[in-house]
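The primary structure of each chain is shown beneath.
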Amino acid sequence: MTTEGIIILIALSAVLFAFVFIVYRLVKALRMGKSEDRFNNFGQRVKSILVYVVGQARVLSQPAGIGHFFIFWGFIFISLGTGEHILNMLIPSFSYEAFFGTGVAVTISFCQDILAFLVLGAIVVSLFRRFFLKPVRLESDDPKAGREAVFILGLIFVLILLMYGIKGIGIIQGKVDGSSAPVSNIAANLLRNNLIRINVVESVFVWVHHSLIFFFLLYIPFSKHIHILGAIPNIFFRNLGLPGTLTSMDFEDETADKFGISVLTDFSWKQLLDLYACTECGRCQAVCPAYLTDKPLSPYRMIHNLRGHFMDEMGSLLSDNDKEYTEKPIVPEVVSKDELWACTTCGACVQECPTFIEHVQKIVDLRRYFVLTEASFPPEVQPVFKNMEINYNPWSFGYADRANWAADLDIPLASDKKSFDILFWIGCAGSFDDRGKVIAKSVVKLLERAGVDFAILGTEEKCCGETARRMGNEYLAQTLIELNIEVLKGYEFNRILTICPHGFNSFRVDYPQAGYSKPVVHHSEFLLELVKAGKLPSGSTGNLKGVYHDACYLGRYNDIISEPRELVSGIDGVDLIELDRHGKRSFCCGAGGGRMWMEETIGEKINETRVNEILEKNVDQIFTACPFCMTMFEDGLKACGNENVKVKDIAELLLEASKESEKGKG
Amino acid sequence: MKIIVLLKRVPDTEAKILINSKGSGINEEGVKFIINTYDEYAIEEGLKLKETVGGDSTVTVVCMGVEESTEIIRTALAMGVDKGIHICDAALEKATPAVIATVLAKAIEDNGFDIIFCGKQGIDYDMAQTQAFLAEKLDIPQVNVIAEFKISEDNKKVFLLRRIEGADEKVEADLPVIISCAKGLNEPRYASLPGIMKAKKKEIKKLTLADLDSSGASEEKKSTIINWLPLPKSGECKIIEGEEPGEKAVELARLLREEAKVL
Amino acid sequence: MNDILIFGEIRNGELKRVIKELVTAGRIVTEGTGGSIDAVLIGKGASDLSKNIAGLGIRKTFCVDDNLVEKYSTEGYAKVLSDLITDSGYGYIFFGATAMGRDLSPRVAARVDGVMFSDCVDLRFQDGRCIAKRPVYSGKLFVEIAPVGKIPVFITLRPNNLPPADSAAGETETEMRPSGVMEDMIRALATEIIPMAGGRPDITEAEVIIAGGRAMKDSESFEILGELADLLGGAVGASRAVVDAGYVPQSIQVGQTGKIVNPKLYIACGISGAIQHLAGMRTSKVIVAINKDSNAPIFERAHYGIVGDLFEVVPALTEEIRKLL
């Protein structure tokens with residue numbers, strides 16, 4: 001072996017040893033977390049890797065992701081080249097050509113050459129974005145974060161230049177075939193006449209390049225580029241269930257003195273792995289309704305700070321003898337209470353994250369600790385919980401008044417009918433809120449007209465528990481869910497119909513966890529079904545320009561996007577236009593996650609922000625399919641001083657339109 | 001310090017209260033029962049006092065009522081109360097404040113006490129008498145409807161603010177004392193889940209009249225409810241008509257004074 | 001046991017007006033029993049104040065005024081009353097259902113082994129006994145309650161329910177009476193009366209709330225609500241919209257995310273009545289809505305409504321109530 005070979009062998013061994021040790025510690029630290037089963041459904045997980053790692057599908061969902069695509073693949077091919085070079089230094093007879101044949105070697109070399117050039121371009125664009133375009137998602141109050149990004153991009157830039165230098169010299173020396181490396185060829189041409197001691201220059205390039213590579217390898221785990229290690233496993237272990245799923249809690253152990261998450265080691269290993277996976281791309285932050293309205297919460301910052309905390313504590317966590325060590329509470333040390341309660345659980349952050357980090361689950365887990373263990377939460381929340389406990393609704397209405405809205409309507413009760421096709425779940429808003437009642441009544445009239453065999457639970461219905469659950473009161477939520485299941489099990493029916501996306505989501509994800517799975521349909525789907533079957537007229541109205549606002553728990557969480565649009569645009573006279581933020585990328589109304597019942601005292605109001613966005617479109621009406629969105633917009637419109645634009649639920653609209661069309665016929 | 005909190009099980013504030021078919025009371029069907037709202041302030045103040053005084057202080061709730069009152073005692077235990085005493089006896093079903101006070105006094109004396117907190121009134125019968133009868137039986141001072149509570153360094157005296165019409169009355173009282181609590185005194189805590197879990201294992205002492213050896217319950221009945229009357233139907237909103245705002249205002253003032261009797 | 005005693009409450013050197021209503025109550029009973037009405041005044045200036053109830057047909061007014069009853073104490077006043085009742089054998093003892101009456105009456109009842117009816121709103125005499133009508137379940141129902149057997153009956157009467165007594169013939173004798181109170185009897189003493197800070201009670205405790213909503217133009221316009229509130233000893237409340245607008249502090253916000261209130265009288269001015277507001281004030285005993293929009297949902301919850309501009313109605317209402325009180 002040459003002297004070079006010996007030096008590189010020693011350096012490589014040392015670096016690899018250190019790297020393996022660091023990774024070993026990172027993995028060991030994950031094992032400090034609680035267990036969580038993410039090993040099911042292997043095939044699906046492999047597919048995730050293909051789509052989201054190899055194919056970079058989520059990364060590419062935004063234009064800036066193209067840069068990452070090049071950097072990612074460039075990195076792989078450059079690494080292949082570096083690997084070849086190093087192996088060649090150790091075993092002079094090694095080359096891809098010698099091992100895999102000319103075809104493979106040429107392909108690798110060519111891809112490397114082209115991709116590396118694209119990476120250079122991507123880096124220039126990235127730096128331009130960061131320094132000149134300054135997009136929302138790259139905003140950070142940690143100056144280290146930006147410096148780190150620039151440092152890494154600069155490092156890669158230098159590495160690529162060096163790579164071209166080395167390859168160029170290789171071409172000059174005839175060691176490399178220039179025909180398969182067009183960019184290196186250019187480098188070779190530039191260098192050819194300007195270098196005197198070409199061998200010295202080459203070895204300087206090689207050693208600087210390899211030193212930087214080694215440095216990079218050891219730098220990765222301590223920088224945001226830890227995502228190179230964390231992202232792929234995190235995508236593999238991603239949540240394969242419905243996006244609205246939250247983990248269920250077990251209250252059987254009566255000796256437990258703590259519930260929810262207060263310190264790092266309360267997180268599951270997967271939740272800790274999330275922290276390694278964050279690229280700090282800030283896509284979550286750019287869509288977060290709390291962040292965009294100047295609340296202290298940014299999902300990016302939360303993950304960034306949690307990772308910082310994790311790294312700071314890792315030494316103590318992994319130490320065996322430090323018995324005195326007590327973990328710092330996450331709240332308020334790392335995440336403030338205001339951040340904790342600012343989240344609407346709209347799920348936009350989770351949806352945007354290219355590495356499938358689960359922000360909402362963490363926030364709910366932290367809330368769980370405060371609600372369940374500390375009984376500490378914003379003061380206005382206490383009556384909400386108490387009302388739900390005593391009267392099964394978030395407002396202070398008596399539970400016996402739940403069916404008052406239906407008093408004169410002669411609606412069949414489940415307790416009378418016992419067996420029927422559709423169970424119409426009214427929900428708290430439909431039962432008690434004056435506006436919500438109008439939606440419930442509209443749906444009833446449409447169901448009657450279509451001859452649907454349905455029934456309501458009347459006073460047997462209780463709050464579905466969705467809000468309590470997302471506010472962190474898992475105990476109350478489970479209590480409500482169990483009470484409802486008890487009642488529901490007493491009747492025979494085929495589907496549950498809801499007018500509230502929150503109840504809808506709850507029946508899809510929360511109730512099955514409690515052992516009750518029943519098909520559930522939202523009224524936007526169901527009414528469309530009836531129209532399509534010819535049981536309801538599609539209706540007509542005077543010329544009406546409107547927008548449909550996607551409720552988070554309907555569109556983003558449950559993919560019901562086309563149905564309400566089809567229903568609304570089927571009405572003759574309606575001119576349905578789209579908002580910039582719509583469908584899965586809709587913007588929250590501000591009511592989710594229990595925010596409906598909390599004060600919004602910091603920053604802009606989310607509902608007013610959304611209303612202003614809508615008003616820019618100069619519409620006559622806002623169509624909603626969620627009673628909470630409706631309340632938020634009606635409030636928002638009043639606050640904006642707009643008395644002309646009306647908010648209508650799609651059921652109200654359809655009912656009016658069908659009346660209108662009949663009048664037309666008459 | 002032995003802190004006693006009195007507890008009563010009452011219909012929920014939102015419950016529909018209707019007269020039963022016999023006209024002998026309310027129809028309890030479908031009515032949710034809760035801890036008397038004002039008693040929650042008493043529990044909270046008792047717990048706060050325990051935290052202030054420390055040592056081996058205990059908070060004991062004493063509740064007289066039907067079997068189901070166990071539920072509200074458990075709620076109090078979940079909030080952090082140490083022990084429950086539940087006096088349950090069919091003979092006490094329609095007990096008057098005088099009888100209730102006699103029975104409670106016996107149970108409280110048996111347990112020992114330094115201070116007693118209760119709600120300013122039960123939101124069922126709204127009588128606000130039991131605390132005074134109890135104070136008389138125990139021969140201790142009473143302070144009603146308090147909105148602020150402080151205890152002296154030596155734990156022998158309390159300094160209170162008592163809400164009276166349009167003002168606060170500063171009251172000083174010696175321990176032992178019975179104090180009835182009003183809204184505004186504190187914000188009752190929400191029971192934590194570990195609290196709820198622990199409450200399942202805490203002691204609730206069940207007592208009957210025989211256990212208390214109390215002659216009070218055999219006392220002659222001194223009053224009787226002869227009629228239960230529903231509220232006159234308020235019906236729809238009375239929209240006040242009139243030519244001009246001033247006229248409407250005059251009529252509204254008259255109605256508020258003569259019909260609604262709120263002025 | 002045929003005679004009745006009425007308690008005249010002295011606060012801040014004045015005799016509370018409810019005493020004239022107690023005389024009316026006394027007459028309802030004495031018409032049945034044929035007995036006489038005596039009164040007792042305890043506290044500073046008792047004998048001077050006794051003149052205020054001359055000419056109402058009261059047989060005798062006892063005045064108790066020494067340094068141990070100068071300030072109110074339950075025990076001191078209870079001693080005076082129980083001695084008097086034991087000495088004279090009254091069948092009925094009336095108090096106003098005021099802070100003092102509600103505190104004192106049950107204590108005396110306990111001491112003399114009597115029975116008590118709290119917060120009565122009406123009385124009638126039938127079959128040789130007085131039947132009292134009183135609200136229960138926070139005013140959701142009423143009961144009529146009557147004493148059993150020959151025992152002293154204590155009744156606290158809510159002010160403004162019976163008409164004040166008009167003048168009646170007969171001389172009223174005034175008798176100064178020693179309190180009989182010893183210093184060590186008083187273990188709880190009212191040391192000072194502090195008028196409410198800022199003159200207005202907290203909205204959660206106020207018996208009257210005048211609340212303003214979106215129709216309020218700015219923080220200054222709340223002054224017209226404040227004027228009415230002060231007149232009625234009440235508080236000013238607000239809906240979320242005006243709190244959000246920064247006109248008034250969050251501490252007076254009524255509603256789901258604000259304060260839950262339960263006053264006797266709630267006057268909603270320019271408040272539409274969204275669910276979040278209703279959740280905070282729905283249980284108020286009497287709700288008055290003043291709103292320009294006759295379709296505002298608040299009218300569905302209100303007992304009395306005026307469709308009109310609050311800036312015209314409220315000042316007129318204040319003026320009228322000032323005349324009435």
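Structure shown above.
All values reported here derive from a predicted model rather than from experimental measurement. (Residues numbered from 1 in each chain as written. Chains lettered and ligands numbered in written order. Predicted model: local features only at pLDDT ≥ 70, side-chain atom pairs only at ≥ 80, totals over all residues. Heavy atoms only, no water.)

### Some details on the overall build of chain B
For step 1, the next point in the chain: Within chain B, the secondary structure is distributed over seven helices and 13 strands.
For step 2, the next point in the chain: On the principal axes, the C-alpha backbone points of chain B span a range of 70 × 45 × 40 Å.
For step 3, the next point in the chain: The buried share of chain B, taken over its 263 residues, is 56%.
For step 4, the next point in the chain: Contacts in chain B between residues at least 24 apart in sequence constitute 69% of all its contacts with a sequence separation of at least 6. (Helix = DSSP H or I, 4+ residues; strand = E, 2+ residues; numbered from the N terminus. Buried < 20%, exposed > 50% of the residue type's maximum accessible area, 1.4 Å probe, protein only. Contact = heavy atoms within 4.5 Å.)

### Looking at the packing of helix 2 (residues 42-54) of chain A against helix 9 (residues 227-236) of chain A
The relative placement of two packed helices is expressed as an angle between their axes plus a distance between the axes.
All names here are of chain A.
For step 1, the next point in the chain: Remark: helix 2 packs on helix 9, axes separated minimally by 8 Å, with the N-to-C direction vectors making an angle of 135°. Our classification of the angle between helix 2 and helix 9 gives oblique. Taking contact as the criterion, the partners of Phe-42, Arg-45, Val-46, Ser-48, Ile-49, Tyr-52 and Val-53 in helix 2 are, on helix 9, Ile-232, Ile-235 and Phe-236. (Axes fitted to C-alpha atoms, helices over the stretch in contact; angles between N-to-C directions. Parallel < 35°, antiparallel > 145°, perpendicular 65-115°, else oblique.)

### Topic: the interface of chain C and chain A
For step 1, the next point in the chain: Counting residues at the interface gives 15 residues for chain C, matched by 18 residues for chain A.
For step 2, the next point in the chain: Of the roughly 1500 Å² buried where chain C meets chain A, counting both sides, 45% is carbon and sulfur surface.
For step 3, the next point in the chain: Contact with chain A buries surface across chain C, with Arg-214, Gln-256 and Ile-275 of chain C losing the most and accounting together for 41% of the total.
For step 4, the next point in the chain: Notably, a salt bridge pairs Asp-434 of chain A with Arg-301 of chain C, separated by 3.5 Å at the nearest N-O pair.
For step 5, the next point in the chain: Mapped onto the side of chain C that touches chain A, the elements with two or more residues apiece are helix 6 (240-244) and helix 7 (275-281) of chain C.
For step 6, the next point in the chain: Counting residues per element, the side of chain C that touches chain A draws most heavily on helix 7 of chain C, which supplies three residues.
For step 7, the next point in the chain: Of the residues contributing to the side of chain C that touches chain A, the split by class is four nonpolar, six polar and five charged. (Buried area = accessible area lost by both parts, 1.4 Å probe. Salt bridge = Lys/Arg side-chain N within 4 Å of Asp/Glu carboxyl O. Nonpolar A, V, L, I, M, F, W, Y, C, P; charged D, E, K, R; others polar.)

### Quick word on the state of the cysteines
All names here are of chain B.
For step 1, the next point in the chain: Inspection of the entire model under this criterion finds zero disulfides over all chains.
For step 2, the next point in the chain: Not engaged in a disulfide, the cysteine Cys-181 finds its nearest cysteine sulfur in Cys-118; these two sulfurs lie 6.6 Å apart.
For step 3, the next point in the chain: On the basis of relative accessibility, which here comes to 0%, the residue Cys-181 falls in the buried class. (Disulfide = S-S within 2.5 Å.)

### A look at helix 2 (residues 69-79) of chain B
For step 1, the next point in the chain: All of the buried residues in helix 2 of chain B are Ser-69, Ile-72, Ile-73, Ala-76, Leu-77, Ala-78 and Met-79 of chain B.
For step 2, the next point in the chain: Just beyond helix 2 of chain B, the residue with positive phi is Gly-80 of chain B, at close to 130°.

### Concerning the sheet that holds strand 3 (residues 495-498) of chain A
Think of a sheet as strands paired side by side through backbone hydrogen bonds, with each pair either parallel or antiparallel.
Residues and elements named next belong to chain A.
For step 1, the next point in the chain: A sheet is described by the order of its strands in space; here four strands give the open sequence 2-1-3-4, paired in parallel fashion. The strands lining the two open edges of the sheet, one partner per strand, are strand 2 (454-456) and strand 4 (520-522). Mean inter-strand twist for the sheet, computed between neighbouring axes without regard to direction, equals 30°.
For step 2, the next point in the chain: Relative to strand 3, strand 1 (residues 422-425) runs parallel, the two sharing four bridges. Its bridge partner being in strand 3, Ile-422 is matched across the sheet by Arg-495.
For step 3, the next point in the chain: Helix-sheet contacts for helix 25 (residues 523-532) involve strand 1, strand 3 and strand 4, and the interaxial angle to strand 4 is about 80°. (Pairing = 2+ DSSP bridges.)

### As for the side chain of Glu-466 of chain A
All names here are of chain A.
For step 1, the next point in the chain: Following the sequence through the fold, Glu-466 ends up in helix 22 (residues 466-470).
For step 2, the next point in the chain: One polar contact links Glu-466 to Thr-467, side chain to side chain, over a distance of 3.5 Å.
For step 3, the next point in the chain: Non-local contacts of Glu-466, meaning those with residues more than four positions away in its chain, are made with His-502, Ser-506, Asp-510 and Tyr-553. (Polar contact = N/O pair within 3.5 Å; in protein donor to acceptor, adjacent residues only side chain to side chain.)

### A short note on the interface of chain B and chain C
For step 1, the next point in the chain: Taken together, the contacts link 74 residues of chain B with 78 residues of chain C.
For step 2, the next point in the chain: Here chain B meets chain C over a buried area of about 6900 Å², counting both sides, of which 57% is carbon and sulfur.
For step 3, the next point in the chain: For the interface between chain B and chain C, the tally reads seven salt bridges.
For step 4, the next point in the chain: A salt bridge links Arg-111 of chain C to Glu-136 of chain B; the nearest nitrogen and oxygen atoms lie 2.9 Å apart.

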